[in-house]
Structure formats: C-alpha cells, structure tokens
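# Remarks on the overall topology
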Amino acid sequence: MPYRISRLGLVEIRSLDLDRDLDYYLNVLGLQLTAREGKTAYLKGWDERHAYSFALTESDRAGMVRMAFRTVDAEDLDYYEKRLKDFGIRYDIIPEDYRRGRALRFTAPSGHTVELYNEMDYTGNVLPTVNPGPWPEGLRGIAPPRLDHTLVTAPEPGKAIEFFQTVLEFRLSETLVAPDGTIIAAWLWQRPAPHDIAIVPGKPGGFHHAAFVVDSADALFRAADILAMHKARIDYGPGRHGITRGTTIYFFDPSGNRLETFGGYTAYQMDPDSRAIRWTQDQIGPAVFYYSQELNETFLSVYT
Amino acid sequence: MQRDGEAGLYTITLRPVGGTVACGPEETVLAAILRSGASVMFGCRGGGCGTCKMRVTSGQIEHGRCSVAVLFEEEKKCGWFLSCQARALSDLTIELSAANRYHVLRSWRRPSLLDS
C-alpha cells in the first residue's frame, strides 16, 4: 500500500489575544510569519517549503480550529474523495483557502475538523535553492525547522483511531492497550516517522498539543533555555518519551495551548513493513515520560 | 480594604484550609498562592484550560482574559474565576474545590532553612 499523505500540513489553533500570542510565536517559539490576514496569522518553520503550516486565529477561547493533511499527489485527493464517499462520510469541498487549492473538509469521529488538500503555494524555505548553506543565520527564539505532529483527544478514541486507519489509511506505530485488549490511545503515521497524529481519551475536539521539530540534543536544551528565559510555561521536560523514543519539552503558549518540541532525531524511521508497538496500560508512566516513569498531574487532564 | 502597613497588598483567605496569602495588585491569584510556598492544581496558566478554577465568596476580582469554553458567564456570576488570570481588587475569601488539591510545601518552609 503506497502512502498518500505526505505530512501534517496545517494546524490552526485559537488565540485569546493575537497581538500578544503572535509576539510569542515569532520571538520565543521562533516561527516565520507568512502573513497576517485579519484575525488570522499564517506561520511556518524556517525549513518548510510551502506557504504556511500553522495558523493562529483570534477567538474567545483556546483550542484547535482544524488540522489539515497534505496529499502526496493531486490524484490522491481524488482517491480520498472517492473513499469518503464509499464510507458514507459527509464532507464539504473547500474550493480555495489562503494560498491553498481545493480541500476536502469533514469531521472525524473525535469531533475534529480535518481537511485534506494537495495544492499550496510553494514558496521554498528561507535558504536559497542554489548552493545553500545548512541553516539560516539570524533566526529568533527556538526556531524549529518544521511542524511535526499533533495529538488530539476523543471521547471514544477507538472509533477515531479506526477512522484514521480505515478511511484515511494511516497505520499504527504504537498503541496503549487496556488489560482486555482495548486500544486506549494510538500513534498513527503515513510519512516514515513515528507519527503524524496521535489520539488519546478526552473531550470531543480537544487539542492536546502540536509538536515542532528540534533536531539535536543541543537544540533541545537551547529550547528549554529560551522558554525559561522568557518565563514561558513549561509543563514537562526536557525529557524523553517511551512511545516514539522522541525527546520532548511540553510547554504552553500564552493562551494555554500546549506545544511540544519533539526530538525525532532520537526516534526511529518507519518502514512499510513496520508493525505496531504495544504498551500496556500499567506502563503508561514510562510510555509517556520515560525518565520520571510516571505521568505528571497535567498530562491527562490539561488541554484546550 | 488594604492591610495596614503593607500598601498595595491584599489578603487572600483560602477555604477550607484557612491559610492566608498576601497578593499584590500586579500578580495573579495563582501566582500569589504559589509564591507563598503553597501548591494548588493548575494547568496551562493561559486562561485556556480551566484547571485552576476557584470561587470567590467575598471580595472583588478582575477576571482577566479567559476562554469562554472553560469559564461560563453563569459561573462568573456565582463567583467562579480562573486563578491564573484573575487579579485581586480587594481582600478575598476563596473557596478551593476538591480538584485544587491544596498543600503547603512544608519541608522547604522551615524558618531554619529560610534564615540560614
């Protein structure tokens, strides 16, 4: 089975104060600003080639507006449209959005608005395309190269996980399993990385976090330094997950949305033949926080 | 409503524990509680998740910027507020809920340690 989704292309979240939060996203997290259009700011990591991967929209609440996945080819969008029809999933066609072409929009069983699209303006990263250096100078803040994944909550995670597996053809990389064999939470992938999306129990449409790549141990500790120097709200870390093996810092933006610096440099690469790893419920502590070996008070209960 | 001799400081009384905390006009209620060496349950500290919700039973607060998805208007009318955003405008009496899990970090609060 070929994979048809190249990446988590967009996470849009709500901000209680766009001016304040945009300053944080540009100068502490260190994303690149593509544009600000009314109540929405479009952002991306410095190494991302398309116009944007993250959007902040001012609102009276925090949390996720939508997630969007980019298909590998334009034909893959047609493939998924047929699939949505075959499974009887109601969807809307969004003819265009900011610097983006046609998208399919539907609601997952988790309550999240999900979009699939292929065309977005190819702007290139901030480096030249001829004889580039390895990284740009003059970056501000943590300056992650790109968006990595999102983790969301669902009242019936099993239904949401099955939807992503069967309709959208994501594969399981890791699962957390109850003693009776029920899958409590799952990490799912299409690009060859541990996950593009993860689903855990919680309220419908809940946003647990969006993760940005840090690509070395130096970058991880530098990120922690920057967060602390700016008195940002670190929730956990630096640490390491048992699940995915990735290094982590969890922290909150000024509106209370959780973000992560995810160190995929310690994680594994998926192979088409990779089979899911299973974590038993009694080992949820090391599964999530490998070093402290127990959950903190906020991991399961605090999200937007 | 200000305490004599400590201009700009209000007194927060926490029920049911009975402890009191001094709170400056520029700090949030949560920050004042944490600064006192006590610990209560809190989450995002951005007004987004609702974990630090408490109820004021006497006194005036300014709510700050809170998500309407976790602090409803009806709750505000009954005294509920998000302690990570709210500032005291007078002395306050605050009712902690079971979820706040108040405790004082006693081992670090011994005078002998603080004075040495």
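Quick note: structure is the one above.
Analysis parameters
- Residues numbered from 1 in each chain as written.
- Chains lettered and ligands numbered in written order.
- Predicted model: local features only at pLDDT ≥ 70, side-chain atom pairs only at ≥ 80, totals over all residues.
- Heavy atoms only, no water.
- Helix = DSSP H or I, 4+ residues; strand = E, 2+ residues; numbered from the N terminus.
- Buried < 20%, exposed > 50% of the residue type's maximum accessible area, 1.4 Å probe, protein only.
- Contact = heavy atoms within 4.5 Å.
- Areas by Shrake-Rupley, 256 points an atom, 1.4 Å probe, with all protein chains shown as cover.
- Arc of directions from axis to C-beta.
- Salt bridge = Lys/Arg side-chain N within 4 Å of Asp/Glu carboxyl O.
- Polar contact = N/O pair within 3.5 Å; in protein donor to acceptor, adjacent residues only side chain to side chain.
- 1 Å grid on protein atoms, 1.4 Å probe; cavity = no way out; pocket = protein on both sides within 12 Å on 5 of 7 lines; lining within 4 Å.
- Points joined across faces, edges and corners; volume = space filled by probe spheres on them.
- Nonpolar A, V, L, I, M, F, W, Y, C, P; charged D, E, K, R; others polar.

Now for the overall build of chain B. If you tally the helices and strands in chain B, you get three helices and nine strands. Across the 116 residues in chain B, those meeting the buried criterion constitute 46%. Counting only contacts in chain B whose residues sit at least 6 apart along the sequence, the fraction spanning at least 24 positions is 58%. Summing over all exposed atoms, chain B offers an accessible surface of approximately 6100 Å²; the carbon and sulfur share of this is 51%.

Let's shift gears to helix α3 (residues 157–166) of chain A. Turning to α3 of chain A, its buried residues number three or more, namely Pro-157, Ala-160, Ile-161, Phe-163 and Phe-164 of chain A. All buried residues of α3 of chain A fall inside an arc of 155° around its axis, so they share one side.

Our next topic: the environment of Met-229 of chain A. Residue and element names in this part refer to chain A. Residue position: Met-229 is located in helix α4 (residues 217–229). We classify Met-229 as exposed; its relative accessible area is 64%. Taking the C-alpha atoms as reference points, Met-229 and Val-28, 201 residues apart in sequence, are found 9.4 Å from one another.

Glancing now at the interface of chain B and chain A. Across the contact, 16 residues belong to chain B and 17 residues belong to chain A. One can count one salt bridge joining chain B with chain A. With a closest N to O distance of 3.1 Å, Asp-17 of chain A and Arg-65 of chain B form a salt bridge. At the boundary of chain B and chain A, one finds three residue pairs in polar contact (both at pLDDT 80 or more).

Now for helix α1 (residues 18–29) of chain A. Residue and element names in this part refer to chain A. Taken together, the buried positions of α1 are Leu-18, Asp-21, Leu-22, Tyr-24, Tyr-25, Val-28 and Leu-29. Sitting at the head of α1, Asp-17 places a side-chain oxygen 3.3 Å from the backbone nitrogen of Asp-19. Looking one or two places after α1, you find Gly-30, whose phi comes out positive at around 85°.

Within this model, the largest pocket holds a volume of roughly 520 Å³. Around the largest pocket, the lining is made up of 21 residues, and of these Lys-231 and Arg-233 of chain A together with Arg-45, Cys-84 and Gln-85 of chain B lie nearest the centre. Contributions of two or more residues to the lining of the largest pocket are made by α1 of chain A together with α1 (29–35) of chain B. Considering each element in turn, the lining of the largest pocket owes the most residues, five residues, to α1 of chain A. Grouping the constituent residues of the lining of the largest pocket by class yields nine nonpolar, four polar and eight charged. Estimated volume of the second largest pocket: approximately 410 Å³.

Residues and elements named next belong to chain A. One pass over the structure, following the stated rule, counts 27 salt bridges over all chains. Measuring nitrogen to oxygen at the nearest pair gives 3.0 Å for the salt bridge that ties Asp-86 to Lys-82. Placement of the pair is Asp-86 and Lys-82 together in helix α2 (residues 74–86), with a separation of four residues, close to one helical turn. Of the two residues, Asp-86 and Lys-82, neither departs from the other in class, the shared state being exposed. The shortest N-O distance in the salt bridge between Asp-121 and Arg-99 comes to 2.9 Å. Here Asp-121, found in the loop between β8 (113–117) and β9 (147–154), pairs with Arg-99, found in the loop between β6 (92–94) and β7 (103–107); they are 22 residues apart in sequence, far enough to count as distant.

A few words on empty space enclosed by the protein. All names here are of chain A. Evaluated as defined, the whole model comprises two cavities of 30 Å³ or more. Approximately 100 Å³ is the volume attributed to the largest cavity. Elements represented by at least two residues in the lining of the largest cavity include exactly β9, β16 (258–263) and α5 (284–288). Class assignment for the residues of the lining of the largest cavity results in eight nonpolar, five polar and one charged. In this model, the second largest cavity occupies a volume close to 40 Å³. Every residue along the wall of the second largest cavity is listed here: Arg-7, Gly-9, Glu-48, His-50, Tyr-52, Ser-53, Arg-70, Tyr-117 and Met-120. The residue makeup of the lining of the second largest cavity, split by class, is three nonpolar, three polar and three charged.

These figures capture arrangement, not role.
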